[in-house]
Amino acid sequence: MHQFLGRLVKVGSARSVVEDVSWPVGSTEMDSEVEGILGQNQERPPSSYGSMRSDEEEEEEEDIIITRAPNLPDKPEQRSVHSTGIQLQRGAYTETVFTENTGLPHPTDGAFIALSRPKEEEEEDEEEELDENVRINSPVPPPPIEPEDESNEAMDDQQQPGRLHSVLDLPFIFKAMQNALTGLGQEFYLFKSYLCGRHKSIFNMADLAESDTLDVVDKMLERFGKLNGLHVAIRLLESMKKPQLAEELKTKCKRAVIQYELKCCLIRRHNCIYEGVPRPGQQLYLKYVYVQPQISTQGNGGVCPRHSIRHSPPDPPVEAPRDSMVHGNDIFRSADGNPIRRVLTTGVPGIGNSVAVQKFLLDWAEERANLDLQFVFPFPFRELQSLRERTVKENTAISMLEMLHSYHSETRTMDFLGEADCKMLFIMDGIDIYKGNLDFKNTPVVSDVKTPLPLDSLLVNLIRGSLLPNTLLWLTGRRAATTLIPPEYIDRVYEIQGYSDEQKDEYLTIRHSDKSMAEKIIQHTKKSPTIYDLCHIPFCCWMVAVMYERGFRGDDDYGKEPPKITSFFIHYMIIQNNRKLEKYHGQNANTLKWTDMDEKFMRTLGSLALKLLEKNCANFYEDDLREFDLSVREVVSWSGLCTELPQSNPEDRRVFCFTHLSILEFIAAHYVWLTFRLDGRNVLDQSHGITKLFKERALVDMYRKAVDRYLSAPVGQYDLFLRFLCGFSMKRNDGLLRGLLVPHNALPLEGLDEVIKLLTKKMEGVGQEKAANLKECLRELENSDD
Ligand SMILES: Nc1ncnc2c1ncn2[C@@H]1O[C@H](COP(=O)(O)OP(=O)(O)OP(=O)(O)O)[C@@H](O)[C@H]1O
């Protein structure tokens, strides 16, 4: 497991969200090692994006086909690239006979166009026919409705559930494509032959020989899907050297073209996930690991209230009521139909804010949800922070338009930006990363998207709604950081609650295609209620999935005993600190370096945790942080070990706690152990002056004090603490911290035999429960692989 940690700690390069996905072709030693875990049981994303084929070839042969397929099975999502999800029926026409007889799958859950026209109307103008007879049925979201009149449309677009803009719906695109093909005149046959040549698996000339423009458009939309069909038509017109027709079609369907480009880009960037600690080459398809977490409108902090040992833990967190849960795709939908413009999602570190954003983007881009949104643009705060650093360094300002163009080049031709009928969503993930000063009180109001502004002012104006007032906003972040935004600028707050027990099992089951392995991991994790409780945080579920799989693959005897808790918690602490260094202190993920500051921070946080444990408290306040000279930002926003609890009233003092009570117990034990390990000082010894000076600095003395506290504690607050304290002295665990908090050349710990004797002796004559815990303490000390 040590090796595993080495990898977790030292390697991995966080990938920029706006960077194009490119799959590494080479395989490093590390790749192959993790490949051992992942490669055997998961389909890895194809290497097509990094292949040697030219862009043109790829585009021609493998245009991303965006299909509308709302009711597809979730895991694995089986989608055929050729299943368009769009079906045309024109029963009375000769052209439709073909459509009906193609034998292509006609998914019932796709958008469905019924063109059933009475025979006597056949002679009528075809375009008018289309307008009158085309009906679109799309199960999610509710069917787009043809606006009755232009003036109503803008208002309706802001309501829930939404409707498609008329220029984005199928009849409009159908008609525009048909007009373009009609414009080809005699060269229409050439279009058909290009179509068959470029898309051999979908079209052949024999099928199209008799088809007219209506039929060809019908089939293209049916087989490619709406946006991709349009894209293919434009590409073919360009290839036929018909730039004017192509341009006209592009201009007419501008929104659809931009939407297509944006969706392709989002799918490329977001269909894979770098889980947990990102490592090069270790991405998986999101659909193979995603489990919808619980998201509540009435979150109370998102801290799991269960404790594996303490029946009445102090300051017990309140669980969110079951009926307050919403689906991740519905956060902009309100029951009363009132528009929700600004949404905030928050939660404890690792709870899945960024993954929720990724899933939302992918579902929109793949047309599974929120189809009424015309454009969805991610602006991760990680990128905004880099932009801020650059603009501050160069002393430059940036306008809203420039920012949009530089992150999303598709928007360069959006001359309708900011119009009331342009329903856009900006998603700004990870506000805790942003270090700017968002001064909502003093920032001047600016509403012109072309006015250059310092980034801080630009963001304030965007959130306030002075800039792009119709744009929906979704902000995410750790709760302590989100308090930067005044409540009046947030319409709805959601808290991600993480996984229920069923969801933990579901995650561990779907993540491993080897079902017997998944079952072994679930059973093994359940043997330690402490770890299983922590798995309500998806990040911890990921840790369990990776660590225990490695254990089972490496050792036949693995899993006979319950997992040890100390090594798991040490991994958690190290990973969180590494993430802090990378996310907030700007260190390179490949060369992370712990400094004296990290040691000082861990010690100070540990002394706060010990104080809380002694007072049997779980919550702490700003005064406590001041007493220990700690900052809210460092502890609550950045450490990954603590969180803020929501206040009932804005005037109430801010309340903080550890992400779980067991984390508090662990950090307290870590402080006691580290102080002894580095300074030979026993912080549990409260004797003073000369007596203390002459005390032997033996390991067993430190443990004796700890056992005494454990045995005399009235409410059992030292049970897990003692287990952790014992676990730290296990040789392997001691090794995990070398080079980080313990010097590489530190002498090995001496006196473990005496500690074992002490614990064994103390088991005599204490109650059954206490003895059982002491037995667990002894197990934590045993040097075994875990
Ligand atoms: N819904 C999910 N399905 C599967 N895995 C998830 C899910 N949510 C989170 N995870 C796992 O947890 C990890 C952390 O999630 P994410 O980065 O979204 O958390 P976060 O809330 O943004 O945390 P932080 O504030 O610490 O950055 C992911 O990399 C992934 O491995």
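Parameters and conventions
- Residues numbered from 1 in each chain as written.
- Predicted model: local features only at pLDDT ≥ 70, side-chain atom pairs only at ≥ 80, totals over all residues.
- Heavy atoms only, no water.
- Helix = DSSP H or I, 4+ residues; strand = E, 2+ residues; numbered from the N terminus.
- Buried < 20%, exposed > 50% of the residue type's maximum accessible area, 1.4 Å probe, protein only.
- Contact = heavy atoms within 4.5 Å.
- Areas by Shrake-Rupley, 256 points an atom, 1.4 Å probe, with all protein chains shown as cover.
- Near = heavy atom within 4 Å.
- Polar contact = N/O pair within 3.5 Å; in protein donor to acceptor, adjacent residues only side chain to side chain.
- Domains from an automatic or database assignment.
- Salt bridge = Lys/Arg side-chain N within 4 Å of Asp/Glu carboxyl O.
- Expected span 1.5 Å × (residues − 1).
- Pairing = 2+ DSSP bridges.
- Axes fitted to C-alpha atoms, helices over the stretch in contact; angles between N-to-C directions.
- pLDDT = per-residue confidence, 0-100.
- Phe/Tyr/Trp six-rings, centres within 6.5 Å; stacked < 30°, edge-to-face > 60°.
- Parallel < 35°, antiparallel > 145°, perpendicular 65-115°, else oblique.
- Left-handed = near helix turned anticlockwise from the far one by under 90°.
- Nonpolar A, V, L, I, M, F, W, Y, C, P; charged D, E, K, R; others polar.
- Disulfide = S-S within 2.5 Å.

Thoughts on the overall build of the chain
- Helix and strand counts for the chain stand at 34 helices and 15 strands.
- Relative to its full complement of 786 residues, the chain shows a buried share of 59%.
- Restricting to contacts in the chain with at least 6 residues of sequence separation, those with at least 24 account for 75%.
- A total accessible area of about 32,500 Å² is found for the chain, and carbon and sulfur atoms account for 50% of it.

Here's the deal with the site of the ligand
- The local shell around the ligand holds 22 residues, among which G276, N353, R478, R579 and K583 are the closest.
- Between an oxygen atom of the ligand and a side-chain N or O atom of R478, the distance comes to 2.7 Å.
- Y499 has a polar side-chain atom sitting 2.9 Å from a nitrogen atom of the ligand.
- When isolated, the ligand has an accessible area of 630 Å², and the protein chains bury 94% of it.
- Those elements giving two or more residues to the shell around the ligand turn out to be α15 (353–365), α23 (538–554) and α24 (565–583).
- Here the shell around the ligand spans two domains, since at least three of its residues come from each of domain 1 (1–45 + 271–291 + 500–553) and domain 3 (294–306 + 317–352 + 368–498).

Looking at the pattern of salt bridges
- Under the definition given, this model contains 40 salt bridges.
- Between D533 and R306 there is a salt bridge, and its shortest N-O distance comes to 3.1 Å. Taken together, the residues span a long stretch of sequence, with D533 in helix α22 (residues 529–534) and R306 in the loop between β6 (294–296) and β7 (325–326) at a distance of 227 residues.
- Judged by its relative accessible area of 39%, R306 falls in the partly exposed class.
- Each of R306, D501, K504 and D533 takes part in a single network of salt bridges with overlapping partners.

Details of α24
- The end-to-end C-alpha distance of α24, which contains 19 residues, comes to 27 Å, matching closely the 27 Å that a straight helix rising 1.5 Å per residue would cover.
- Burial within α24 is extensive, with 18 of its 19 residues counted as buried.

Examining the environment of V392
- With respect to the helices, strands and loops of the structure, V392 is situated in helix α16 (residues 381–394).
- Taking the C-alpha atoms as reference points, V392 and L455, separated by 63 residues in sequence, lie 8.7 Å from one another.

Considering the side chain of S528
- Here S528 is to be found in the loop between α21 (515–526) and α22.
- Using a relative accessible area of 4% as the deciding quantity, one classes S528 as buried.
- Residues contacting S528, with those up to four places away along its chain left out, are P563 and I565.

Concerning the sheet that holds strand β15 (residues 655–658)
- Sheet architecture is open: three strands sit in the order β13-β15-β14, paired in antiparallel fashion. The sheet is open, and its two edges are formed by β13 (619–621) and β14 (642–645), each paired on a single side. Strand-to-strand twist across the sheet, computed as the mean angle between neighbouring axes with direction ignored, equals 40°.
- Pairing between β14 and β15: four bridges, direction antiparallel. Counterpart to L645 in the pairing with β15 is V655.

What to know about the sheet that holds strand β9 (residues 375–378)
- Here we have seven strands laid out as an open sheet, ordered β7-β6-β12-β8-β11-β10-β9, and mixed in their pairing. Sheet topology places β7 and β9 at the edges, where each strand pairs with a single neighbour.
- Bridge count for β6 against strand β12 (residues 492–498) is three bridges, and the pairing is antiparallel. Pairing of I295 across the sheet is with I496, part of β12.

Examining helix α18 (residues 455–464)
- Burial runs high along α18: ten of the ten residues are buried.
- Considered for burial, the residues of α18 that qualify are L455, D456, S457, L458, L459, V460, N461, L462, I463 and R464.
- The secondary structure elements touched by the buried residues of α18 are β8 (342–347), α16, α17 (400–407), β10 (424–428) and β11 (472–478).
- One or two steps after α18, the chain reaches G465, where phi turns positive at roughly 95°.

Remarks on the confidence of the model for the chain
- On average, residues of the chain score 80 in pLDDT, and 78% of them reach the 70 mark or higher.
- The low-confidence segment residues 1–44 (pLDDT under 50) makes 120 contacts with residues lying over four places distant or belonging to another chain.
- Throughout residues 67–160 the model reports pLDDT below 50, and contacts reaching past four residues in sequence, or to other chains, amount to 187 contacts.

Re the packing of aromatic side chains
- Scanning all chains against the criterion turns up 24 aromatic pairs.
- Residues F360 and W474 carry aromatic rings whose centres are separated by 5.2 Å and whose planes lie at 70° to one another, so their mutual orientation is edge-to-face. Of this pair, F360 sits in helix α15 while W474 sits in strand β11, placing them 114 residues apart in sequence.
- Look at W474 and you get buried, because its relative accessible area is 2%.
- Here the aromatic rings of F620 and F656 are separated by 5.8 Å at their centres, their planes lie at 45°, and the arrangement is tilted. With F620 in strand β13 and F656 in strand β15, this pair connects stretches of sequence that are 36 residues apart.

Let's talk about the environment of I570
- Relative to the helices and strands, I570 resides in helix α24.
- In sequence terms I570 and G727 are 157 residues apart; their C-alpha atoms lie 9.7 Å from each other.
- Not counting residues up to four positions away in its chain, the partners in contact with I570 are F666, F728, N733, L736 and L737.

Side note on the pairing of β15
- Where burial is concerned, the two faces of β15 agree: the one with V655 and C657 and the one with F656 and F658 are both buried.
- Pairing between β13 and β15: three bridges, direction antiparallel. Each bridged residue has a counterpart across the sheet, and for F620 the counterpart in β15 is F656.

Things to note about the packing of helix α13 (residues 254–270) against α15
- For the pair α13 and α15, interaxial distance at closest approach is 9 Å and the crossing angle is 140°. Between α13 and α15, the interaxial angle falls into the category oblique. For the element pair α13 and α15, the recorded crossing hand is left-handed. Where α13 abuts α15, its residues Q259, L262, K263, L266, I267 and H270 lie against Q358, L361, L362, W364 and A365.
- In terms of residue class, the contact of α13 with α15 is built from seven nonpolar, three polar and one charged.

Quick notes on the packing of α24 against helix α25 (residues 596–614)
- Where α24 contacts α25, the two axes come as close as 12 Å, and the packing angle between them is 130°. It follows from the interaxial angle that α24 and α25 lie oblique. At the point where α24 passes α25, the crossing takes the right-handed sense. Of α25, the residues touching α24 (which contributes M573, N577, K580 and L581) are D598, F601 and M602.
- The residue makeup of the contact of α24 with α25, split by class, is four nonpolar, one polar and two charged.

A closer look at the state of the cysteines
- By the definition in use, this model includes zero disulfides.
- You can see C264 has no disulfide; the closest cysteine sulfur is in C265, sitting 8.5 Å from it.
- The thiol of C726 is not disulfide-bonded; the next cysteine sulfur, from C777, is found 4.3 Å away.

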